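Here's the letter readout for the chains.
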Amino acid sequence: GVVRQEGGPVAPTVAALQAGRAIAIYTRGMEHGPRALGARSILAAPGNAAINDSLNDRLGRSEFMPFAPVAKASDADALFDLPPQSGYAARFMTITCGVKPDWRSRIPAVVHVDGTARPQLIHRDDNPLYHDIVDGYGAATGVKALVNTSFNAHEEPIIDSPAQCVQALLDDRIDGVVTETALWLRADKSG
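Reference entry: report on the structure contained in this document. (Residues numbered from 1 in each chain as written. Predicted model: local features only at pLDDT ≥ 70, side-chain atom pairs only at ≥ 80, totals over all residues. Heavy atoms only, no water.)

1. A closer look at the overall build of the chain
Item 1. Within the chain, the regular secondary structure consists of seven helices and 11 strands.
Item 2. Within the span of the chain, comprising 191 residues, buried residues form 49% of the whole.
Item 3. Pairs at least 24 apart in sequence give 66% of the contacts found in the chain among residues at least 6 apart.
Item 4. With the model as given, the accessible surface of the chain reaches about 8700 Å², and the carbon-plus-sulfur share is 52%. (Helix = DSSP H or I, 4+ residues; strand = E, 2+ residues; numbered from the N terminus. Buried < 20%, exposed > 50% of the residue type's maximum accessible area, 1.4 Å probe, protein only. Contact = heavy atoms within 4.5 Å. Areas by Shrake-Rupley, 256 points an atom, 1.4 Å probe, with all protein chains shown as cover.)

Below, the structure written as structure tokens:
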């Protein structure tokens, strides 16, 4: 079954991410385009590169699919070597840039072998729930980024209904789903 967590959507989601859980975000309108940008994304802590293999395995993704970091736009200069004129394009995860050397070991799950990443830089006005989860995780851990990958299994469409969210949970593709109102965890992952 699926259990609603107490305490609103953000705080329990931050705690679940800290505990190593993979949490899908399901909010706002359906996205379109080549990237998951926070309305249908799976979020995870970026501190352990092994999350890539475990998530890809759970999602049935066999080939190499690098994960991207999501960070607040206001933290971009601390994390990335990204020229200011690229800030707008980075909202849509279309620019690859260097990760600052002191951050490469802190967010290895989203750093490519050449020391680069393809970040998504977010502003609160665009998606307050997404922003507040990233912000809350940074406040709790000092790590100012999260893993963002698309909320779908390999070669399947992006999740687009509450029923599909529940099925992804029951199939153990993810550990939880956060919506505007609450975090929902699988019963065996709850608490």
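2. Description of unusual backbone geometry
Item 1. The residue Met93 is not glycine, and still its phi comes out positive at about 55°.
Item 2. Inspection of the secondary structure assignment puts Met93 in the loop between helix H4 (87-90) and strand E6 (97-99).
Item 3. The phi angle at Asp172 is positive, at roughly 65°, despite the residue not being glycine.
Item 4. Here Asp172 lies in the loop between helix H7 (162-170) and strand E10 (176-178).
Item 5. Here Asp172 falls in the partly exposed class, since its relative accessible area comes to 29%.

3. Considering the sheet that holds strand E2 (residues 23-26)
Item 1. Strand order in this open sheet of eight strands is E1-E11-E10-E2-E3-E9-E4-E8, and the pairing throughout is mixed. Single-partner strands in this sheet number two, and they are strand E1 (2-4) and strand E8 (120-122). The sheet shows a mean angle of 30° between the axes of neighbouring strands, direction not considered.
Item 2. Judged from the three bridges that link them, E1 and strand E11 (residues 183-186) form a sheet pairing that is antiparallel. When the sheet's bridge partners are listed, Val2 is paired in E11 with Arg186.
Item 3. Along the sheet, helix H6 (residues 128-141) makes contact with E2, strand E3 (40-44), strand E4 (68-72), E8, strand E9 (146-150) and E10, crossing E4 at roughly 90°. (Pairing = 2+ DSSP bridges. Axes fitted to C-alpha atoms, helices over the stretch in contact; angles between N-to-C directions.)

4. Examining a nonpolar patch on the surface
Item 1. A grouping of Val2, Val166 and Leu170 is seen on the molecular surface, where their side chains present a nonpolar patch of about 210 Å² in accessible area.
Item 2. Turning to its location among the elements, Leu170 is positioned in helix H7. (Patch = residues over 30% accessible without salt bridge, like charges linked within 9 Å, V, L, I, M, F, W, Y side chains within 5 Å. Salt bridge = Lys/Arg side-chain N within 4 Å of Asp/Glu carboxyl O.)

5. Structural notes on the pairing of E9
Item 1. Burial analysis of E9 places four of its five residues in the buried class, which makes it a mostly covered element.
Item 2. The pairing of E3 with E9 spans four bridges and is classified as antiparallel. Paired with Ala44 across the bridge in E9 is Val147.
Item 3. When E4 meets E9, the two strands line up antiparallel, connected through three bridges.

These figures capture arrangement, not role.
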